[in-house]
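Read off the chains here:
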Amino acid sequence: MNERPRPGPSGSVDVEGVSQGDLDVGTHRVVDADGSVVSPEAVPDLDDDWFRELYRWMVLQRTFDERATKLQRRGMLGTYASGQGQEASIIGSAFALVDEDWIFPYGREAGALLMHGLSMRDLLLYWRGVEDASRMEGANVFGFAISIGSHIPVATGKAWGQKLDGEDAVSFVNLGDGATSTGAFHEGINFAGVLGVPAVFFTQNNQYAISMPFEEQTAADTVAQKALAYGMDGIRVDGNDVLAVYNAVATARERALAGEPMLVEAVTYRRAAHTTSDDPTRYREDSEVEAWERRDPLERYRAFLEERGLLEAVDEEAIQEEVNELFDEAVEAADDYPERDPAELFEWLYADLPPELERQRDAFLDLLERRPELYEYIEHRPKG
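Here we summarise the structure given alongside this text. (Residues numbered from 1 in each chain as written. Predicted model: local features only at pLDDT ≥ 70, side-chain atom pairs only at ≥ 80, totals over all residues. Heavy atoms only, no water.)

Compared with an ideal rise of 1.5 Å per residue, which puts 26 residues at 38 Å, helix α1 (residues 48–73) spans 38 Å between its outermost C-alpha atoms and is within 8% of the ideal. Looking one or two residues past α1, Gly75 carries a phi angle of roughly 80°, positive in sign. (Helix = DSSP H or I, 4+ residues; strand = E, 2+ residues; numbered from the N terminus. Expected span 1.5 Å × (residues − 1).)

Attention now moves to helix α2 (residues 87–95). Counting buried residues along α2, nine of its nine residues qualify, which places the element largely inside the surrounding structure. Three or more residues of α2 are buried, namely Glu87, Ala88, Ser89, Ile90, Ile91, Gly92, Ser93, Ala94 and Phe95. (Buried < 20%, exposed > 50% of the residue type's maximum accessible area, 1.4 Å probe, protein only.)

Pairs of aromatic rings are described using the distance from one ring centre to the other and the angle between the two planes. One pass over the structure, following the stated rule, counts 17 aromatic pairs. Judged by centre distance (6.2 Å) and plane angle (55°), the ring pair of Phe64 and Tyr80 falls under tilted. Of the two residues, Phe64 sits in helix α1 while Tyr80 sits in the loop between α1 and α2, which places them 16 residues apart along the sequence. The buried category is assigned to Phe64, whose relative accessible area is 1%. Aromatic rings pair up to connect Phe64, Tyr80, Tyr126, Trp127, Phe144 and Phe327 into one cluster. When the ring centre of Tyr208 is taken as origin, the NZ or CZ atom of Arg284, which lies over that ring, is 5.8 Å away. Stacked on the ring of Trp292, the Lys or Arg Arg295 has its end atom at 4.1 Å from the ring centre. (Phe/Tyr/Trp six-rings, centres within 6.5 Å; stacked < 30°, edge-to-face > 60°. Lys NZ or Arg CZ within 6 Å of the ring centre and 35° of its normal.)

In this section: the pairing of strand β7 (residues 262–267). In terms of burial, β7 is a largely internal element, six of the six residues being buried. Burial of the side chains of β7 extends over both faces: Met262, Val264 and Ala266 are buried on one face and Leu263, Glu265 and Val267 on the other. Pairing of strand β3 (residues 199–205) with β7 involves six bridges; the strand directions are parallel. In the strand pairing of β7, Phe201 is matched with Leu263. With six bridges connecting them, strand β6 (residues 233–238) and β7 associate as parallel partners. (Pairing = 2+ DSSP bridges.)

Another aspect to go through is the sheet that holds β6. By way of backbone hydrogen bonds, the strands of a sheet pair with one another, either parallel or antiparallel. On the basis of which strands lie adjacent, the open sheet formed by five strands has the order β1-β2-β3-β7-β6 and parallel pairing. Here the strands that pair on one side only, and so sit at the sheet edges, are β1 (102–104) and β6. Across the sheet, the mean angle from the axis of one strand to that of its neighbour is 20°, orientation sign disregarded. (Axes fitted to C-alpha atoms, helices over the stretch in contact; angles between N-to-C directions.)

This part is about the layout of surface pockets. For the second largest pocket, the calculated volume is near 390 Å³. What lines the second largest pocket is a set of 24 residues, among which Tyr106, Arg108, Ile146, Ile148 and His274 lie closest to the centre. Across the lining of the second largest pocket, the residue classes break down as 12 nonpolar, nine polar and three charged. (1 Å grid on protein atoms, 1.4 Å probe; cavity = no way out; pocket = protein on both sides within 12 Å on 5 of 7 lines; lining within 4 Å. Points joined across faces, edges and corners; volume = space filled by probe spheres on them. Nonpolar A, V, L, I, M, F, W, Y, C, P; charged D, E, K, R; others polar.)

With that settled, consider the packing of helix α4 (residues 120–127) against helix α11 (residues 316–335). One way to put it is that α4 packs onto α11 with a least axis distance of 8 Å and a crossing angle of 55°. By the angle between their directions, the pair α4 and α11 is classed as oblique. When the axes of α4 and α11 are compared, the crossing they make is right-handed. Each of Met120, Arg121, Leu124 and Leu125 in α4 lies in contact with α11, whose residues at this interface are Leu326, Phe327, Ala330, Val331, Ala333 and Ala334. A class-by-class count of the residues in the contact of α4 with α11 yields nine nonpolar, no polar and one charged. (Parallel < 35°, antiparallel > 145°, perpendicular 65-115°, else oblique. Left-handed = near helix turned anticlockwise from the far one by under 90°. Contact = heavy atoms within 4.5 Å.)

Below is the structure:
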């Protein structure tokens with residue numbers, strides 16, 4: 001059927017293509033690593049008290065991470081994911097949102113969730129594995145996305161609903177650089193671009209997808225450029241510059257409300273382990289961590305405050321005492337959470353309990369009523 005061989009490539013025609021080398025993806029920065037302002041015109045128009053409040057929240061984020069990690073080491077908390085080194089990205093982004101926005105977390109943004117109205121007690125209960133805390137009551141916060149990238153299409157769907165309802169709010173999606181290499185990312189962001197939903201996809205590029213460095217999990221030079229493939233714009237920002245992150249997210253949010261979803265890449269570094277069950281010394285050098293420590297986001301912003309004469313009014317000792325007191329109270333409240341009723345083994349799977357499960361529950365409770373000594377064999381999950 002194919003009697004004539006193909007001629008093969010001649011190599012005589014030079015066909016132009018599109019190359020990422022043609023892209024000039026700049027990185028937005030307001031404050032340099034030494035605290036000096038590199039873009040005076042880009043300093044946000046905030047009151048002095050708000051500048052100081054940013055610092056308080058960054059201290060809270062770091063303190064919460066440090067104390068939660070210690071709780072885990074003492075067996076009083078489950079596996080925990082720290083945001084140490086990413087405070088500017090976490091707090092700067094949350095500061096640009098409003099309470100009506102929905103946050104879709106990926107695990108490290110404790111300060112952002114607390115700022116958005118979640119109670120510290122419930123946040124601790126979540127990391128203790130108490131399912132009630134997954135309700136995220138009192139705040140527009142979706143459940144944590146432990147499976148990487150799985151929340152991205154869900155966030156796009158929520159943003160679509162916000163658009164259909166005419167809400168003046170966005171869906172703000174936190175994700176790591178590793179999530180941008182998942183199928184869920186491509187599906188979710190593609191639909192966001194097609195539908196023009198009010199969504200901001202905020203990627204904290206902390207250089208590692210668990211143990212895999214950024215350059216080994218994608219051939220793209222940047223995350224921000226991936227937005228172009230889906231017909232939307234991207235922003236690349238210095239993720240250790242809290243003011244730059246605030247600017248980037250504020251801009252992205254405004255564009256998203258106008259029907260232009262945005263992808264923001266915050267270039268930062270995860271100084272702690274991926275989680276408390278991880279050993280980062282197995283895949284990165286101490287010298288690398290030390291180099292990023294010299295770009296510490298708190299020290300950078302502290303230097304900025306000092307340069308502007310705002311640091312004198314900051315009582316750092318009082319901030320630490322306040323945060324530690326809040327944490328102590330949250331731990332006490334979490335410890336007071338009651339032990340669960342055995343009947344709850346059958347709850348939370350269905351809105352209406354199926355007849356067979358209802359029969360099993362009734363039989364189980366009847367057995368306990370007839371033989372109360374069996375309660376001795378029911379082992380409650382420890383507080384940690």
